[in-house]
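Letter by letter, the chains look like this.
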Amino acid sequence: MKNFYIETFGCQMNAHDSEKVIGTLIGEGYSQVPTPEEAQLVLYNTCSIRDKAEQKVFNRLQQFKRNHKDKKIVLLGCVAQQEGERVFERAPFVSMVCGSASYNQLPAMLVQLETGNKRVTGLSLDTEDTFDTPLTRRENPHRAYITIIEGCDKSCAYCVVPFTRGPERSRTSTSVLDEARRLADAGYSEIQLLGQNVNSYRDPSPTGWDFAQLLDAVGRVEGIRRVRFTTSHPRDFVKPIIDAIDENPNLCNHVHLPVQSGSTRVLDAMRRLYTRDQYMRRIEWMKAARRDIAITTDIIVGFPGETESDFEETLSLLREVEFDALFGFKYSRRPNTPALALDDQIPEEEKTRRLQFVLDMQREIQLRRHASYVGRVEECLVEGFNKATGQWIGRTSQHKTLNFLRPASADDLLGQYVDVRVTRAGANSLVGECVN
Ligand code: SAM
Ligand code: SF4
């Protein structure tokens, strides 16, 4: 029996790609094993968004080389695409590299690997295809990812994604809705629509739906109670998306809208295609919505040429918006990207100082915001149980973690929706008591 082990690095797109790769491998007669030691075929689905992520992959390969000389090793994903055949020089024990735009070719590539080819490649970005397969093996029994658009047509100056995932390709609304219906029939109640820029979704079939129309339709699939989406690009984020959330309670009241910087000058240098004022207009739409929409963001500190006063503008934007959560990153130089040519790199210690400042300030904001949740009753999807604390782990529609006790009951609540009254608030999570 042929078997494989897979380890995934990076974002939700990669996590979901791995679910599809696992399904494909099982369809080809392989079985999955939980450790690399047991496996004949070892796959790493890699991330190259920042230098650290890429280093992690090569460190893992080095460790592996020492222990397991007899296995076939495959590099998938963004590092595979970015480094291409150079991987065979850097890590000669790797025998296949395949970027995400070539996953459709995996079955044929596996045959080449099995017949002893030691340098199998799938590196073409020249595709109009998306990788949708009914064979997906989903990890989570309640929340399912659906890719609606692959690749990215933006060219943010710092970002490798357009080079590693290729041009944008949208799936037809029919195939997305069919998948959503199949998932509902299989017992999933939450769907997360995925893409590097979901807002530029455009149905390639004559229906011609935009993202707001697709979102609304997925939210109306019978049996689906929650729909999330990530990631939104501010330039393509339009008011009808908020109108859809207002109209349809199955659409979660949470929007992740990465701003990257509060300085229009830096946004321009980053080629983000919007100004601070344009971003703030989208925030105003959300704050004026009927539903209480949680807003989260990504920030990059220390982009080349970012002055102290640019950084102050980022801080003032954070104070003005009061995001519900934030992912902060130090700018990392990436191969092929336009920002590589920029002078005026910010020293590492200064990037560290700026990032820490952002995170400390955001923590205070979250503590203050979350304190106002005490006394509120929130519907939670129960996602886990913490044996150490005896608490169930719930997720609100706003994507906040709400840990709660349910008195005198050993019922298995996993996957159920319960109402929880918030009794305490921390910066990163809430605590409460089940009221039903
Ligand atoms: N497509 C999404 C977008 O436009 O926001 C997500 C792209 S990326 C997977 C997630 C985040 O990583 C970005 O929002 C950005 O903050 C960060 N990022 C991307 N490239 C980076 C770089 N070179 N250095 C530091 N952070 C980076
Ligand atoms: Fe990267 Fe910009 Fe595309 Fe997001 S929109 S994936 S940051 S190029």
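Position labels on residues start from 1 in each chain and follow its written sequence. Chains and ligands are labelled sequentially in the order written, the chains with letters from A and the ligands with numbers from 1. Whole-chain, interface and lining totals are the exception, using all residues; otherwise, since this is a predicted model, local features are given only for residues with pLDDT of at least 70 and side-chain atom pairs are given and counted only at 80 or more. Excluded from the side-chain calculations are hydrogens and water; all other atoms, namely the structure's heavy atoms, are used.

Glancing now at the overall build of the protein chain. Summing up its helical and strand segments, the protein chain has 13 helices and 19 strands in all. What the globule rule says is 2.2 Å times the number of residues to the power 0.38, and the radius of gyration is computed from C-alpha atoms. Its C-alpha atoms give the protein chain a radius of gyration of 22 Å, within 12% of the compact-globule value 22 Å for 436 residues. Principal axes of the C-alpha set define a box for the protein chain whose edges measure 65 × 60 × 50 Å. Residues counted as buried form 55% of the 436 residues belonging to the protein chain. A run of H or I in DSSP counts as a helix once it spans at least four residues, and a run of E counts as a strand once it spans at least two, with each numbered from the N terminus. For every residue, the accessible area obtained with a 1.4 Å probe (protein chains only) is divided by the maximum for its type, and the residue is called buried under 20%, exposed over 50%, and partly exposed between those limits.

In this section: the site of ligand 2. By nearness alone, every residue bordering ligand 2 is listed as Cys152, Lys154, Cys156, Tyr158, Cys159, Val161, Pro162, Gln196, His233 and Arg272. Nonpolar residues are Ala, Val, Leu, Ile, Met, Phe, Trp, Tyr, Cys and Pro. Charged residues are Asp, Glu, Lys and Arg, and all others, Gly as well, are polar. In the shell around ligand 2, the residues fall into six nonpolar, two polar and two charged. Throughout, the term near means that a residue has one or more heavy atoms lying within 4 Å of the molecule or strand in question.

Burial analysis of helix H8 (residues 211–219) places seven of its nine residues in the buried class, the great majority of the element. Considered for burial, the residues of H8 that qualify are Phe211, Ala212, Leu214, Leu215, Ala217, Val218 and Gly219. For H8, the capping residue at the N-terminal end is Asp210, with a side-chain oxygen 3.2 Å from the backbone nitrogen of Ala212. Two N or O atoms count as a polar contact when they lie within 3.5 Å, although within protein this holds only if one can serve as hydrogen donor and the other as acceptor, and sequence-adjacent residues are included solely when both atoms are side-chain atoms.

Before going further, it helps to spend a moment on the packing of helix H7 (residues 173–185) against H8. Axis definition: a line fitted to C-alpha atoms, over the contacting stretch in the case of helices. Angles run 0 to 180 degrees between N-to-C directions. Axis separation between H7 and H8 bottoms out at 10 Å; the angle between their running directions is 25°. Judged by the inter-axis angle, H7 sits roughly parallel to H8. Note that H7 runs across H8; the crossing there is right-handed. Of the residues in H8, those in contact with Ser173, Val176, Leu177 and Ala180 of H7 are Leu214, Ala217 and Val218. An angle below 35 degrees is treated as roughly parallel, one above 145 as roughly antiparallel, one from 65 to 115 as roughly perpendicular, and anything else as oblique. Crossing handedness is defined as follows: a turn of the near helix away from the far one that is anticlockwise and smaller than a right angle gives a left-handed crossing, while the clockwise case is right-handed. Between two residues, a contact is recorded if the distance between any of their heavy atoms is within 4.5 Å.

To continue, consider the packing of helix H11 (residues 276–287) against helix H12 (residues 308–321). Their axes nearest at 12 Å, the elements H11 and H12 cross at an angle of 10°. By the criterion of interaxial angle, the relationship of H11 to H12 is roughly parallel. As H11 runs across H12, the sense of the crossing is right-handed. Along its contact with H11, which presents Arg276, Tyr279, Met280, Ile283 and Lys287, the element H12 presents Glu313, Ser316, Leu317, Glu320 and Val321. For the contact of H11 with H12, the per-class residue count stands at five nonpolar, one polar and four charged.

So yeah, pure geometry; function would need other evidence.
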